[in-house]
Amino acid sequence: MQMRQLGTGLRIPAIGLGCDAMSGTYGPADEAESVATIHAALEAGITLLDTGDFYGMGHNELLIGRALRAGDRDKAMLSVKFGALRGPDGSWRGIDTRPAGVATYLAYSLRRLGTDHVDIYRPARLDPAVPIEDTIGAIADLVQAGYVRGIGLSEVGPETIRRAHAVHPITDLQIEYSLFSRGIEDGILATCRELGIGITAYGVLAQGLLSGTWRPAARAGTRAHLPRFADGNVENNLALVEELRTISDALGVTVAQLAIAWVLAQGRKYDDIVALVGAKRPERITQALPAAGLELTDADLAAIEQAVPRTAAAGERYAPALLALLDSER
């Protein structure tokens, strides 16, 4: 598999495993099948496992911990987000990244994951009430103590990236990036490259729209609240997928493989973009793997750009209230 560089010290495979779907984000998931998916990823050489302490309100970390009990911890790179607040009913209650709480967040994550360290630790979103310098400083203390190996960021803009990096070197920025979500190209990507910060791209299949297999009948869970899946938008977006299918068929690959390969191709020159592929069944790992070896030519990339121009997707990636919370969108 192709390898990518995150920051100055972490070289990992070009595809990582996003684990949130294993904890109900897009509908029910079978725990045994989810554990099998993690094992399949590790066996295939996919070492980066991405989670958050709020995925399933702790369920996801417990699941990963269970999967790694067989002695697979040394094979895995654990990337953990923290700070998102949730209520007993599953509602979202904002973000809290005050320094006083960072060590406690991590302590609970380490216990659930069954490990003595995480490889990348990151605030899930920018807390408007807390200077980013304070949050990063608190994580830096945990790096010094050996509990964290690298510090990441999530969904923040150039100014925040620079301020954080001035306190402690940042390993990577986790942010949505796909053929349907290209806002990162407006300054964020250039800032990361200037500072030597890698990109961990999530949503590479646009929450399933770019899988080539999604149909409106599957509009459940989180998708039911995303503008791109709303009536009037989803029809436009599925038509774009069919344009991509013409290209993928000619190349002998699936639409999903083409979409993943496109994201990876954006980091080809700089060796700095990892594509997170969400999965909750082992076969999704098998289906995604060929994308890491698909070398798109300049002609292929031009054809993809013509089929799906940058602003072609209908609908924002989140509802207005959630979009307003993203520092990366300001």
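Our structure's up above, just so we're on the same page.
Residues numbered from 1 in each chain as written. Predicted model: local features only at pLDDT ≥ 70, side-chain atom pairs only at ≥ 80, totals over all residues. Heavy atoms only, no water.

A. View of helix α10 (residues 298-307). Residues Asp300, Leu301, Ile304 and Ala307 constitute the buried set of α10. Summarising the axial view, the buried residues of α10 lie within an arc of 125°, below the 170-degree limit, and thus occupy one face. Away from its buried face, by an angle of more than 90 degrees, α10 presents the exposed residues Asp298, Ala299 and Gln306. Those residues of α10 that are buried lie in contact with α7 (234-251) and α8 (255-265). (Buried < 20%, exposed > 50% of the residue type's maximum accessible area, 1.4 Å probe, protein only. Helix = DSSP H or I, 4+ residues; strand = E, 2+ residues; numbered from the N terminus. Arc of directions from axis to C-beta. Contact = heavy atoms within 4.5 Å.)

B. Structural context of the environment of Ile151. If you trace the backbone, Ile151 turns up in strand β9 (residues 148-154). The sequence separation of Ile151 and Asp119 amounts to 32 residues, and the corresponding C-alpha distance is 8.3 Å. Not counting residues within four places of it along the chain, the set of residues in contact with Ile151 comprises Ile120, Tyr121, Ile136, Ile139, Ala140, Val143, His168, Pro169, Ile170, Thr171 and Asp172.

C. Local environment of the pattern of salt bridges. Evaluated as defined, the whole model comprises 23 salt bridges. For Lys81, the salt bridge is made with Asp50, and the minimal N-O distance between the two is 2.8 Å. Of the two residues, Lys81 sits in strand β5 (residues 77-82) while Asp50 sits in strand β4 (residues 48-52), which places them 31 residues apart along the sequence. Residue Lys81 shares its accessibility class with Asp50, and that shared class is buried. (Salt bridge = Lys/Arg side-chain N within 4 Å of Asp/Glu carboxyl O.)

D. Region of the structure containing helix α1 (residues 31-43). The first and last C-alpha atoms of α1 sit 18 Å apart over 13 residues, in line with the 18 Å expected at 1.5 Å per residue. Buried within α1 we find Ser34, Val35, Thr37, Ile38, Ala40, Ala41 and Leu42. A distance of 3.2 Å separates the backbone nitrogen of Ala32 from a side-chain oxygen at the start of α1, and that oxygen is part of Asp30. The positive-phi residue at the C-terminal boundary of α1 is Gly45, with phi of around 95°. (Expected span 1.5 Å × (residues − 1). Polar contact = N/O pair within 3.5 Å; in protein donor to acceptor, adjacent residues only side chain to side chain.)

E. Geometry of the nonpolar core. The biggest cluster of nonpolar side chains holds 104 residues, and the ones touching the most others in it are Leu17, Tyr121, Phe180 and Ile260. The contact partners of Leu17, leaving out residues within four places of it in the chain, are Met22, Thr37, Ile38, Ala41, Ile46, Leu48, Leu49, Asp50, Leu276, Val277, Ala279 and Ile285. (Core = buried A, V, L, I, M, F, W, Y, C linked by side-chain atoms within 4.5 Å.)

F. Highlighting the pairing of strand β11 (residues 198-202). Burial runs high along β11: 5 of the 5 residues are buried. Judged by which residues are buried, β11 turns out to be covered on both faces: Gly198, Thr200 and Tyr202 on one side and Ile199 and Ala201 on the other are all buried. As paired strands, strand β10 (residues 170-176) and β11 are joined by 5 bridges and run parallel to one another. Opposite Leu173, over in β11, you have Ile199 as the bridge partner. Remark: the β10/helix α6 (residues 188-195)/β11 crossover connection has right-handed handedness. Both β11 and strand β12 (residues 273-278) contribute to a ladder of 3 bridges, which runs parallel. (Pairing = 2+ DSSP bridges. Right-handed = clockwise from strand over helix to strand, strands pointing away.)

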